[in-house]
Amino acid sequence: MHVINLSKTRDQDFINRVERESGQNLSLCYQCGNCTAGCPVTFVYDIPVHQIMRLCQAGQKEAVLGCHSLWLCASCQSCTTRCPNSIDVAHIMDTLRHMARRDGYATEYGVKSFTDSFLESVERHGRAFELGLMMLYTMKTGKFWTDVDLAPAMLTKGKLGFKPHPVQNKEAISKIFKRFREEFAQ
Amino acid sequence: MTTLRYAYYPGCSGLGTSKEYDMSTRAVCEALGMELIDIPDWNCCGSSPAHTVDDRLAGALSARNLVQAGDIEGVDAIITPCPSCLANLKTSRHRLQKPEFRAEVNKLLERPVHGDILPVKSVLQVIVEDVGMEELRYRVRNPLKDMSIAPYYGCIMNRPPKIMEFDSQENPMALDNILEALGATVAPFNLKVECCGASFGVARRDIVERLSGKLLNLAAENKAQAMVTACPLCQMNLDARQNQINVANSTNHVMPIFYFTQLIGLALGFSQSQMGLEKLVVSPRELLAGAAG
């Protein structure tokens, strides 16, 4: 059994950050488990979502930011919709992902690579370019056979364009990313 | 009927993997007397990747579209067919009501957000609320007789209710009512709002195979001959990945997955090619031939 010494490992600064950045009051959670009961991805989670809530209350930064679950949340909003205390649990999961990313945790490299590839595509073209972002993803991960079985159908049906459809004012978009890095990224 | 005029946000997938959704949406809206004006030089809303990285980045990518839409004269709402775009635009609009969030987002934008922002709705919502089921029923030329279809809404079309403000979050009925108006049989389907696995198809396909597999199994158990959806990502998972799902779960589904706009179009009298049906990976040809015969 994994034992956590709560009095020694409680990180109050972590609790404050989660509450401030998510705009949620962690103390409202009374561990009913409704979020986990409705969560469709619990089967791949290493820590179920109600336990993540409890670990947040207890200021267990390491355990929370280092878990796989954060990266596997599908943002389906089931937990937020069904929380009896109206806690926006999905926004807490998003907030934890932001923090994990900033603090250098990436326990699901494939998921992080997909996210990065998608946003690189948007930064470059202003819109998501599906074929381009798949190429970026395979370069990052080395998984060159990802979804090649889908390519014949998608190509013959004209659903996978070879060229991006960029915005006209590309600079307006690339500058959003640039300013974001200057203003907010650490 | 007075002219209904909207700012239209097509979304990136409408240029690629969900071309047929964009095509059928435009054709059906025009036929229903709705005028769509594309948001000038619209950009990607950031989809799921942006909000998993930072709220302000996601907010700014969506906000630029909200600002650009303000340039269009004589519209009271922005509409989009895609639930992911919808959720991002609506969430961004909601958060931008807070002055602190607005100030931070404005630091990222060339043209900052000022004053009121147009409301954002789904194409589904305005067809239900502004056109109405009576009008739709009246315009049906080719009822979808002898077709049993499972209505699948996806997880974020109605959730969370505080942001989405449309239909029920647990048992939505908009697609059910549309199918009924088109003359189709609505197959029982109690996983209406369960997640299909969303964008994990690429990085963690096992998640999509399990979750979308469950949806296909239930539709088949309930004798649906096809499923209907309003979401490009759900449609892609259920349709293009149906073979991957079959292989992973040892099933043999051959279940056509329509966009609801394609079914409306067929019932209004558009041809199969006008609705882009040949772009569906699982062909509905046999089903439609059977229903017509």
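Here the structure is a predicted model, which means the values were calculated and not measured.

Conventions we followed
Residues numbered from 1 in each chain as written. Chains lettered and ligands numbered in written order. Predicted model: local features only at pLDDT ≥ 70, side-chain atom pairs only at ≥ 80, totals over all residues. Helix = DSSP H or I, 4+ residues; strand = E, 2+ residues; numbered from the N terminus. Rg over C-alpha atoms; globule rule 2.2 N^0.38 Å. Contact = placed C-beta atoms within 7 Å. Domains from an automatic or database assignment. Axes fitted to C-alpha atoms, helices over the stretch in contact; angles between N-to-C directions. Parallel < 35°, antiparallel > 145°, perpendicular 65-115°, else oblique. Nonpolar A, V, L, I, M, F, W, Y, C, P; charged D, E, K, R; others polar. Pairing = 2+ DSSP bridges. Left-handed = near helix turned anticlockwise from the far one by under 90°. Buried ≥ 20, exposed ≤ 12 C-beta atoms within 10 Å, placed from the backbone. Core = buried A, V, L, I, M, F, W, Y, C linked by C-beta atoms within 7 Å. Expected span 1.5 Å × (residues − 1). pLDDT = per-residue confidence, 0-100. Right-handed = clockwise from strand over helix to strand, strands pointing away.

1. Here we look at the overall build of chain B
Reasoning step 1: Summing up its helical and strand segments, chain B has 14 helices and 8 strands in all.
Reasoning step 2: Taking 2.2 N^0.38 as the reference for a compact globule, 293 residues should give roughly 19 Å; the C-alpha atoms of chain B span a radius of gyration of 19 Å, in line with that estimate.
Reasoning step 3: Seen along its three principal axes, the alpha-carbon backbone of chain B occupies a region of about 60 × 45 × 30 Å.
Reasoning step 4: If you take every contact in chain B between residues at least 6 apart in sequence, the share linking residues at least 24 apart comes to 79%.

2. What to know about the domain arrangement of chain A
Often, the extent of an interface is quoted as the loss of accessible area upon association of its parts.
Reasoning step 1: Partitioning chain A into structural domains gives domain 1 (6-102) and domain 2 (109-183).
Reasoning step 2: Spacing between the C-alpha centres of domain 1 of chain A and domain 2 of chain A amounts to 29 Å.

3. Topic: the packing of helix H10 (residues 205-221) of chain B against helix H12 (residues 242-249) of chain B
Residues and elements named next belong to chain B.
Reasoning step 1: Close contact between H10 and H12 brings their axes to 9 Å; oriented N to C, the two are set at 90°. When the axis of H10 is compared with that of H12, the two are roughly perpendicular. Note on element contacts: H12 touches H10 through Gln242, Gln244, Ile245, Ala248 and Asn249, opposite Arg205, Glu209, Ser212, Gly213 and Leu216.
Reasoning step 2: A breakdown of the residues in the contact of H10 with H12 according to their chemical character gives 3 nonpolar, 5 polar and 2 charged.

4. As for the interface of chain A and chain B
Reasoning step 1: Listed per partner, the contact involves 51 residues of chain A and 46 residues of chain B.
Reasoning step 2: Secondary-structure elements contributing two or more residues to the side of chain A that touches chain B are helix H7 (78-82), helix H8 (89-102), helix H9 (109-125), helix H10 (130-141), helix H11 (151-156) and helix H12 (170-183) of chain A.
Reasoning step 3: A per-element tally of the side of chain A that touches chain B places H9 of chain A first, with 8 residues.
Reasoning step 4: Per-class residue counts for the side of chain A that touches chain B are 24 nonpolar, 16 polar and 11 charged.

5. Some remarks on the sheet that holds strand S3 (residues 78-80) of chain B
All names here are of chain B.
Reasoning step 1: Strand order in the open sheet formed by 4 strands is S2-S1-S3-S4, and the pairing between neighbours is parallel. Every other strand in the sheet has two partners, leaving strand S2 (34-38) and strand S4 (120-122) as the edge strands with one partner each. Here the strands of the sheet are splayed against their neighbours by 40° on average, with no regard to which way each runs.
Reasoning step 2: Here 3 bridges tie S3 to S4, and the two strands are oriented parallel to one another. Note on S4: the bridge partner recorded for Ile78 is Val120.
Reasoning step 3: Packing against the sheet, helix H6 (residues 123-131) makes contact with strand S1 (4-8), S3 and S4, and its axis sits at approximately 85° to S4.

6. Structural notes on the domain arrangement of chain B
Residues and elements named next belong to chain B.
Reasoning step 1: Split by domain assignment, chain B resolves into domain 1 (4-123) and domain 2 (143-292).
Reasoning step 2: The partner domain 2 presents 25 residues to the 21 residues of domain 1 that form the contact.
Reasoning step 3: Of all elements in the fold, only helix H1 (19-31) and helix H4 (83-95) reach the threshold of two or more residues within the side of domain 1 that touches domain 2.
Reasoning step 4: At 9 residues, H1 tops the list of elements feeding residues into the side of domain 1 that touches domain 2.
Reasoning step 5: Residues belonging to the side of domain 1 that touches domain 2 are distributed by class as follows: 8 nonpolar, 10 polar and 3 charged.

7. A closer look at the packing of H1 of chain B against helix H13 (residues 260-268) of chain B
Residues and elements named next belong to chain B.
Reasoning step 1: For the pair H1 and H13, interaxial distance at closest approach is 8 Å and the crossing angle is 45°. Overall, the two elements H1 and H13 adopt an arrangement that is oblique. The hand of the H1/H13 crossing is left-handed. The segment H1 lies against H13, with Glu20, Tyr21, Ser24, Thr25, Ala27, Val28 and Ala31 engaging Thr261, Gln262, Ile264, Gly265 and Leu268.

8. Quick look at the environment of Ala267 of chain B
Residues and elements named next belong to chain B.
Reasoning step 1: Counting through the fold element by element, Ala267 comes out in helix H13.
Reasoning step 2: Classification of Ala267 by C-beta neighbours within 10 Å gives buried; the count is 24.
Reasoning step 3: Those residues in contact with Ala267, other than ones at most four positions away along the chain, are Val140, Asn142, Pro143, Leu144, Leu182 and Gly183.

9. Concerning unusual backbone geometry
Reasoning step 1: Residue Pro160 of chain B follows Arg159 of chain B across a cis peptide bond; omega there is -5°.
Reasoning step 2: Positive phi is not limited to glycine here, since Ser75 of chain A has a value of about 55°.
Reasoning step 3: Mapped onto the elements of the fold, Ser75 of chain A is located in the loop between helix H6 (69-72) and H7.
Reasoning step 4: Given 22 C-beta atoms within a 10 Å radius, Ser75 of chain A is considered buried.

10. Observations regarding the pairing of strand S5 (residues 148-151) of chain B
Residue and element names in this part refer to chain B.
Reasoning step 1: Looking at chain direction, S5 and strand S6 (residues 185-186) are connected through 2 bridges and run parallel. For Ser148, the partnering residue across the bridge sits in S6 and is Thr185.
Reasoning step 2: By the bridge criterion, 3 bridges tie S5 to strand S7 (residues 226-229) in an arrangement that is parallel. Counterpart to Ala150 in the pairing with S7 is Met227.

11. Examining the nonpolar core
Reasoning step 1: Among the nonpolar cores identified, the biggest contains 146 residues, and Val89 of chain A together with Ile149, Ala226, Met227 and Val228 of chain B are the most heavily contacted of them.
Reasoning step 2: In terms of residues, this core owes the most to one element, helix H3 (residues 55-69) of chain B, which gives 7 residues.
Reasoning step 3: Residues contacting Val228 of chain B, with those up to four places away along its chain left out, are Ile149, Pro151, Tyr152, Leu175, Leu179, Phe258, Phe260 and Leu263 of chain B.

12. Overview of H3 of chain B
Reasoning step 1: A rise of 1.5 Å per residue sets the reference length of H3 of chain B, with its 15 residues, at 21 Å; its end C-alpha atoms lie 21 Å apart and thus fit the reference within 8%.
Reasoning step 2: Burial analysis of H3 of chain B places 14 of its 15 residues in the buried class, which makes it a mostly covered element.

13. A look at the confidence of the model for chain B
Reasoning step 1: Confidence along chain B averages 97 in pLDDT terms, with 99% of residues attaining 70 or more.
Reasoning step 2: With a pTM of 0.96, the predicted complex shows an ipTM of 0.95.

14. So, the sheet that holds S7 of chain B
Reasoning step 1: Ordered by their spatial adjacency, 4 strands build an open sheet running S6-S5-S7-S8 (chain B), and the pairing between neighbours is parallel. Only two strands of the sheet have a single neighbouring strand rather than two, namely S6 and strand S8 (257-259) of chain B.

15. Quick notes on the pairing of S2 of chain B
Residue and element names in this part refer to chain B.
Reasoning step 1: Looking at chain direction, S1 and S2 are connected through 5 bridges and run parallel. Paired with Leu4 across the bridge in S2 is Met34.
Reasoning step 2: For the segment spanning S1, H1 and S2, crossover handedness is right-handed.

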